[in-house]
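# An overview of the molecular structure
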Amino acid sequence: PLPQPTANLIKLIEIKRQAIAAHISKIDVGPRGTLVSFHNDSFPNPAGLIAYAERLQGTVKLRPDNKLVLARAWGDPRSRLNGLFQLTKGLSQVARK
């Protein structure tokens, strides 16, 4: 098995690759949730993004300033890494459609 720091680095590279595919310019993770900003405040598949937010109703909200808010706090670094991986994976899949 890989040492934990190496496994974390690989996971971060995967998150970054998925974030680029989803046109994400910035991700801010705070104690109460996550704020996702998109490059040039646009998303390649707006209808898909709206459907994604509706599917995760109560957890994900789209703000009027074209940012996505995920109302979920991750307590420890490992769960934060896994949560960001799932978030960027979902958004990159929506962006490709």
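Just so you know, these numbers come straight off a predicted model, no measurement behind them.

### Thoughts on the packing of helix α1 (residues 4-21) against helix α3 (residues 77-96)
As a packed pair, α1 and α3 sit with axes 8 Å apart at the nearest point and diverge in direction by 25 degrees. Classified by the interaxial angle, the pair formed by α1 and α3 is roughly parallel. Every pair of crossing elements has a handedness; the one defined by α1 and α3 is left-handed. Each of Gln-4, Asn-8, Lys-11, Leu-12, Glu-14, Ile-15, Gln-18, Ala-19 and Ala-21 in α1 lies in contact with α3, whose residues at this interface are Arg-78, Leu-81, Asn-82, Leu-84, Phe-85, Thr-88, Lys-89, Ser-92, Ala-95 and Arg-96.

### Some details on the sheet that holds strand β2 (residues 34-38)
Spatially, four strands are ordered β1-β2-β4-β3 in an open sheet, and the strand pairing comes out antiparallel. One side of each edge strand has no neighbouring strand; the edge strands of this open sheet are β1 (24-29) and β3 (60-62). Each strand of the sheet is rotated relative to its neighbour by a mean of 20 degrees, with strand direction disregarded. The pairing of β3 with strand β4 (residues 67-70) spans three bridges and is antiparallel. Each residue of the ladder has a partner; that of Val-60, found in β4, is Leu-70. Taken strand by strand, helix α2 (residues 46-55) contacts β2, β3 and β4, and its axis lies near 140 degrees from that of β3. On top of the sheet, α3 reaches β1, β2 and β4; it is set at about 150 degrees to β1, its chief contact.

### Section: the packing of aromatic side chains
Applying the stated criterion to the full structure yields one aromatic pair. Ring centres of Phe-38 and Phe-43 lie 5.1 Å apart, and the angle between their planes is 70 degrees; on these two criteria the pair is classed as edge-to-face. The class of Phe-38 is buried, set by a relative accessible area of 4%. A relative accessible area of 10% means that Phe-43 is categorised as buried. The ring of Phe-85 has Lys-11 lying over it, and the distance from NZ or CZ to the ring centre is 4.5 Å.

Reading the values: the criteria
- Residues numbered from 1 in each chain as written.
- Predicted model: local features only at pLDDT ≥ 70, side-chain atom pairs only at ≥ 80, totals over all residues.
- Heavy atoms only, no water.
- Axes fitted to C-alpha atoms, helices over the stretch in contact; angles between N-to-C directions.
- Helix = DSSP H or I, 4+ residues; strand = E, 2+ residues; numbered from the N terminus.
- Parallel < 35°, antiparallel > 145°, perpendicular 65-115°, else oblique.
- Left-handed = near helix turned anticlockwise from the far one by under 90°.
- Contact = heavy atoms within 4.5 Å.
- Pairing = 2+ DSSP bridges.
- Phe/Tyr/Trp six-rings, centres within 6.5 Å; stacked < 30°, edge-to-face > 60°.
- Buried < 20%, exposed > 50% of the residue type's maximum accessible area, 1.4 Å probe, protein only.
- Lys NZ or Arg CZ within 6 Å of the ring centre and 35° of its normal.

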